[in-house]
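What the coordinates show
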Amino acid sequence: GAPEGYLAGLDPRHPSLGLRMLSLGQHPPQHLGSLVSANFPPADGTYSVLRKLSGVAEGKEIANKSALETNQEWLNAVSFHKGCYLGQELTARTHHTGVIRKRIMPIILTDTQAEVPRPWIISQRIQENRLKEQRRDDELLLEIGVVGQPPPLPRLSAASVGGLWMMMRSTKDDQGDHQETEDEEDGSTAVGKLLQEVEQVATPGEKLIDVKDGRTIGQLVSTPASGTSLVLAQMRLDRVGLAESGSWSRTNRVTIGNNSKLKFSYLPFTPLWWPDVDLATGKAQEQTADERENAIEE
């Protein structure tokens with residue numbers, strides 16, 4: 001149970017975000033910090049990093065944006081059956097009859113010369129097959145061990161993203177002219193250089209611009225997760241392969257804001273808590289009768 005003087009419960013948005021604690025006012029403000037430090041090792045920024053790796057935006061990151069574009073209906077934050085709340089009419093109308101063309105999602109910014117991890121190579125093949133109206137690629141499905149229709153993007157947990165980032169970090173350093181500890185400390189490794197460049201331009205509100213056609217494909221809503229090049233961005237779904245038209249390409253090149261000199265590639269993915277997305281509407285796919293029956297049984 002919760003410590004005396006506090007209430008605690010799982011974060012209602014998603015269990016991966018851990019516990020939320022509410023003080024009942026019985027202790028001074030610094031008491032909770034002392035309580036946490038006495039029971040857990042210091043880990044500054046852990047919640048913020050975990051939240052961003054999980055693809056969950058909050059606070060200023062979702063300000064002045066519609067509930068559906070910020071995925072609130074998938075995080076137990078919107079009811080379509082009760083209430084009366086600011087923006088309810090627009091939210092309900094979009095949910096029932098509209099099309100969602102952009103959503104906040106996590107993307108990893110990488111060096112344009114970096115090796116693309118295998119999950120995204122497979123995703124591009126899946127998207128290419130769909131655009132060619134090939135319903136299935138049985139050889140590909142056998143290769144990746146998927147039964148049924150494969151997802152158009154990698155679906156990753158926060159832990160998976162963290163592990164993948166460490167693997168990518170190791171690969172980048174191996175590919176570069178890796179020096180000794182002195183170079184690592186001044187940030188001149190391949191990863192250090194990437195993180196410095198991302199930190200330089202990745203400011204909330206800045207636009208992602210496709211180098212190929214000069215069009216805006218998204219807008220950053222967060223700073224990078226500490227120690228990584230992962231950011232949350234409101235992305236056009238057709239530019240990540242989550243719409244009937246358009247697709248993501250592993251050879252993509254983008255600039256951020258007004259800085260046209262620094263170029264990056266972006267790796268989009270869907271968090272585990274996302275449902276399958278209907279490519280025609282940008283909403284959650286409706287379950288079939290069999291799927292609903294299986295969900296009830298489980």
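Placed above this text is the structure.
Here the structure is a predicted model, which means the values were calculated and not measured. (Residues numbered from 1 in each chain as written. Predicted model: local features only at pLDDT ≥ 70, side-chain atom pairs only at ≥ 80, totals over all residues. Heavy atoms only, no water.)

As a further point, take the nonpolar core. Of all hydrophobic cores here, the largest spans 48 residues; its most connected members are Ile108, Trp120, Met235, Phe264 and Tyr266. At the level of elements, α2 (46-53), β3 (102-111), α6 (158-175), α8 (190-201), β6 (216-220), β7 (230-236), β8 (254-256) and β9 (259-268) are the ones that each hand at least two residues to this core. With near-sequence residues (within four places) excluded, Phe264 lies in contact with Leu109, Thr110, Thr112, Leu194, Glu197, Val198, Val201, Asn252, Arg253, Val254 and Ile256. (Core = buried A, V, L, I, M, F, W, Y, C linked by side-chain atoms within 4.5 Å. Buried < 20%, exposed > 50% of the residue type's maximum accessible area, 1.4 Å probe, protein only. Helix = DSSP H or I, 4+ residues; strand = E, 2+ residues; numbered from the N terminus. Contact = heavy atoms within 4.5 Å.)

Inspection of the secondary structure puts Gln127 in helix α4 (residues 118-131). With 115 residues separating them along the chain, Gln127 and Leu242 place their C-alpha atoms 9.1 Å apart. Excluding residues within four positions of it along the chain, Gln127 makes contact with Pro152, Leu153, Val240, Gly241, Ser247 and Trp248.

Right, let's get into the packing of aromatic side chains. According to the stated counting rule, one finds two aromatic pairs in the structure shown. Considering the side-chain rings of Trp74 and Trp274, the 5.1 Å spacing of their centres and the 65° angle between planes classify their relative orientation as edge-to-face. Of this pair, Trp74 sits in the loop between α2 and α3 (88-97) while Trp274 sits in the loop between β10 (270-271) and α9 (289-297), and the two are 200 residues apart along the sequence. Seen from their ring centres, Trp273 and Trp274 are 6.4 Å apart, and the 65° between their planes marks the pair as edge-to-face. We classify Trp273 as buried; its relative accessible area is 11%. For Trp274, a relative accessible area of 2% translates into the label buried. Put simply, the rings of Trp74, Trp273 and Trp274 touch in pairs and so form one group of aromatic residues. (Phe/Tyr/Trp six-rings, centres within 6.5 Å; stacked < 30°, edge-to-face > 60°.)

Turning to the pattern of salt bridges, a few remarks are in order. Taken as a whole and judged by the stated rule, the model has twelve salt bridges. One salt bridge in this structure joins Asp11 and Arg20, with 3.7 Å as the shortest N-O distance. On the basis of relative accessible area, Arg20 is assigned to the partly exposed category, the value being 42%. A salt bridge links Asp213 to Arg239, with the nearest nitrogen and oxygen atoms 2.6 Å apart. Here Asp213 is found in the loop between β5 (207-210) and β6, whereas its partner Arg239 is found in the loop between β7 and β8, with 26 residues between them in sequence. Given a relative accessible area of 12%, Arg239 falls into the buried group. What you see here is one network of salt bridges that share partners, running through Asp11, Arg13, Arg20, Arg51, Glu58 and Glu61. (Salt bridge = Lys/Arg side-chain N within 4 Å of Asp/Glu carboxyl O.)

By the element assignment, Thr110 lies in strand β3. Other than its neighbours up to four places away in sequence, Thr110 contacts Met168, Leu194, Phe264, Ser265 and Leu267.

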